[in-house]
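Geometric and topological summary
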Amino acid sequence: MGTAAGRELWVEEPVGRRRLPDPVRTAAVRAVLIAALTLIQAMVAFFCTLTASWLAFPMVLSSVGSTVVATWAALDVWVTRQVLNQRHGVVSTPSSTARRLRRERRRARRAARAEARETARIRQRQGASDSHLSRA
């Protein structure tokens, strides 16, 4: 009993893959629900056909329509992923070439600005000392 009280109730485990973005996850959940309903509808149509029920023909027609909708939902997941990848691009890692180049350009710009400030400061001092000499 003492060991159970000392144990943690919730243990975080590292995840193998990153979580899908919200729009992609929403589209995937929608596609799975539609596919599940389509399979249920196809089974009902099959059993209605076996029993020679009057409901068989409408169920088969609606199953065909649901198959089209399920295919559309699966394509929606794929298109949503592609759009998000194009819109947000690839997530760069700290060691990526693009980030290193940006960092180098930023350093060069900072150095150029610092040099320009220093040059302006020196000219300002020289201008102040020249004007001071001309007054005397």
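Turning next to the side chain of threonine 80. By the element assignment, threonine 80 lies in helix 3 (residues 56-88). Excluding anything up to four places from it in sequence, threonine 80 contacts Pro23, Val24 and Ala27.

The next point concerns the pattern of salt bridges. Inspection of the entire model under this criterion finds four salt bridges. In this structure, arginine 30 and aspartate 76 form a salt bridge, with 2.8 Å as the shortest nitrogen-oxygen distance. Within this pair, whereas arginine 30 is found in helix 2 (residues 22-50), its partner aspartate 76 is found in helix 3, the two being separated by 46 residues in sequence. A salt bridge links glutamate 118 to arginine 121; its shortest N-O distance comes to 3.0 Å. Residue glutamate 118 and its partner arginine 121 are both found in helix 4 (residues 97-135); the two are separated by three residues, about one turn of the helix. Taking the relative accessible area as the measure of exposure, glutamate 118 reaches 34% and is therefore partly exposed.

This brings us to the packing of helix 2 against helix 3. Two numbers describe how helix 2 lies on helix 3: the axes approach to 8 Å, and their chain directions differ by 165°. One finds that helix 2 runs roughly antiparallel with respect to helix 3. As helix 2 packs across helix 3, the resulting crossing turns out to be left-handed. Here the residues of the contact of helix 2 with helix 3 are counted per class, giving 20 nonpolar, eight polar and three charged.

Another point: the side chain of glutamine 41. Structurally, glutamine 41 can be placed in helix 2. Glutamine 41 gets classed as buried once you look at its relative accessible area, which sits at 19%. Discounting residues that sit within four places of it in the chain, glutamine 41 has contacts with Met59, Ser62, Ser63 and Ser66.

Overall, the predicted model of the chain reaches an average pLDDT of 85, with 85% of residues at or above 70. Across the chain, the element-wise mean pLDDT spans from 60 in helix 1 (residues 2-6) up to 94 in helix 2.

A few words now on a positive patch on the surface. Together, Arg102, Arg103, Arg105, Arg106, Arg107, Arg109, Arg110, Arg113 and Arg117 give the surface a local cluster of positive charge. If you trace the backbone, arginine 106 turns up in helix 4.

Criteria and thresholds
Residues numbered from 1 in each chain as written. Predicted model: local features only at pLDDT ≥ 70, side-chain atom pairs only at ≥ 80, totals over all residues. Heavy atoms only, no water. Helix = DSSP H or I, 4+ residues; strand = E, 2+ residues; numbered from the N terminus. Contact = heavy atoms within 4.5 Å. Salt bridge = Lys/Arg side-chain N within 4 Å of Asp/Glu carboxyl O. Buried < 20%, exposed > 50% of the residue type's maximum accessible area, 1.4 Å probe, protein only. Axes fitted to C-alpha atoms, helices over the stretch in contact; angles between N-to-C directions. Parallel < 35°, antiparallel > 145°, perpendicular 65-115°, else oblique. Left-handed = near helix turned anticlockwise from the far one by under 90°. Nonpolar A, V, L, I, M, F, W, Y, C, P; charged D, E, K, R; others polar. pLDDT = per-residue confidence, 0-100. Patch = residues over 30% accessible without salt bridge, like charges linked within 9 Å, V, L, I, M, F, W, Y side chains within 5 Å. Areas by Shrake-Rupley, 256 points an atom, 1.4 Å probe, with all protein chains shown as cover. Lys, Arg positive; Asp, Glu negative; His and termini not counted. Charge placed at Lys NZ, Arg CZ, Asp CG, Glu CD.

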